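A look at the structure
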Amino acid sequence: MSRPVRIGVQLQPQHAPNYGLIRDAVRRAEDIGVDIVFNWDHFYPLYGDPEGAHFECWTMLGAIAEQTERVELGALVTGGGYRNPDLLADMARTVDHISDGRLILGIGAGWFEKDYDRYGYEFGTAGSRLALLKESMARIADRLAKLNPQPVREIPILIGGGGEQKTLRLVAQYAHIWHSFAKLDDLTRKSGILAEHCAEVGTDASRIEKSVDWPGAERAPEFVAAGATLFTVGEGGPNYDLTRVAEAVRWRDSFNPESVADIA
């Protein structure tokens, strides 16, 4: 294992009628010992009441950055078509400074049509959304290089998606973390395709961390054997039950080498 296993929690900003519930969940997650606190970038709930309570992603990330001290934070993932990419780069730089260098910039092509329709964005096609993501990644990289002050660190880029020809090519070009949404067999196969893209663009494939949803403690070692080292547990409001998160953190500490577990 070339890097330690890490545990994230995605605090889905849905069905929480007041922000205090999310603030409390962030506090509990950091106390439990997670490595990363994610949210997501949607405007309406994905599960349960489709018109239920919901909060906006990037405003929340600024609040999480100010509230926390240790965890990394980011969106799993930002909708690629929801914001001007130069503005998104500036937002990311700002949250990076608020957090003293703990932001992960997660981004994907977008898929939830209701978000687009209700907020006046063009939904287009899967192909047009991927083309926009490709353009956005180049603009984000260019804008980050121009900002004054510069980010605290080189902001890690997380790209979410599994498209073998276009998305994985962007992962090879730009990403530090790839969130695959993949099952075990697909993860192994697509990792091979990603390695081919990396070879073509001159990227060291081993530098890209592989991220998946938490499969449970029994199956997690199989995913590690397939190359995954970042596992994220998703929890929604209003209660934000972190029982599974605590289970995942305990497993991480038992699985990682002792020296790594002591640091965590």
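Parameters and conventions
- Residues numbered from 1 in each chain as written.
- Predicted model: local features only at pLDDT ≥ 70, side-chain atom pairs only at ≥ 80, totals over all residues.
- Heavy atoms only, no water.
- Helix = DSSP H or I, 4+ residues; strand = E, 2+ residues; numbered from the N terminus.
- Rg over C-alpha atoms; globule rule 2.2 N^0.38 Å.
- Buried < 20%, exposed > 50% of the residue type's maximum accessible area, 1.4 Å probe, protein only.
- Contact = heavy atoms within 4.5 Å.
- Areas by Shrake-Rupley, 256 points an atom, 1.4 Å probe, with all protein chains shown as cover.
- Polar contact = N/O pair within 3.5 Å; in protein donor to acceptor, adjacent residues only side chain to side chain.
- Core = buried A, V, L, I, M, F, W, Y, C linked by side-chain atoms within 4.5 Å.

Here we come to the overall build of the protein. Scanning the protein from terminus to terminus reveals 10 helices and nine strands. Whereas a compact globule of 264 residues would reach a radius of gyration of roughly 18 Å, the protein reaches 18 Å, a difference of no more than 12%. Dimensions of the protein, computed from the C-alpha atoms along their principal axes, are close to 45 × 45 × 40 Å. Per-residue burial over the protein gives 54% buried out of 264 residues. Sequence separation of 24 or more characterises 72% of the internal contacts of the protein that already satisfy a separation of 6 or more. Of the roughly 11,700 Å² of accessible surface on the protein, 51% is carried by carbon and sulfur atoms.

Moving on, we come to the environment of Ala-16. Mapped onto the elements, Ala-16 comes out in the loop between strand E1 (6–12) and helix H1 (19–32). Overall, the relative accessible area of 1% leaves Ala-16 in the buried class. Distance in space between the C-alpha atoms of Ala-16 and Ser-211 is 26 Å, their sequence separation being 195 residues. Filtering out sequence-adjacent residues up to four positions away, Ala-16 remains in contact with Leu-21, Ile-22, Ala-53, Phe-55, Pro-238 and Tyr-240.

Our next topic: the side chain of Arg-83. Structurally, Arg-83 can be placed in the loop between strand E4 (78–79) and helix H3 (85–98). Judged by its relative accessible area of 14%, Arg-83 is buried. Here the side chain of Arg-83 touches Asp-41 through a polar contact of 2.7 Å, side chain to side chain. Side-chain polar atoms of Arg-83 contact the side chain of Glu-56, separated by 2.7 Å. Non-local contacts of Arg-83, meaning those with residues more than four positions away in its chain, are made with Asp-41, Phe-43, Glu-56, Cys-57, Trp-58, Thr-78, Leu-88 and Met-91.

What follows is about the nonpolar core. Ranked by size, the top nonpolar core spans 66 residues in total, and within it Val-37, Trp-58 and Phe-231 carry the most contacts. Of the residues forming this core, the biggest block, six residues, is contributed by helix H2 (residues 57–67). When sequence neighbours within four positions are dropped, the list of residues in contact with Val-37 reads Val-9, Leu-11, Val-26, Ala-29, Ile-64, Val-71, Glu-72, Leu-73 and Gly-74. With eight residues, the next largest nonpolar core counts Val-77, Ile-104, Leu-158 and Ile-177 among its residues.

The quantities given are spatial measurements derived from coordinates; they are silent on function.
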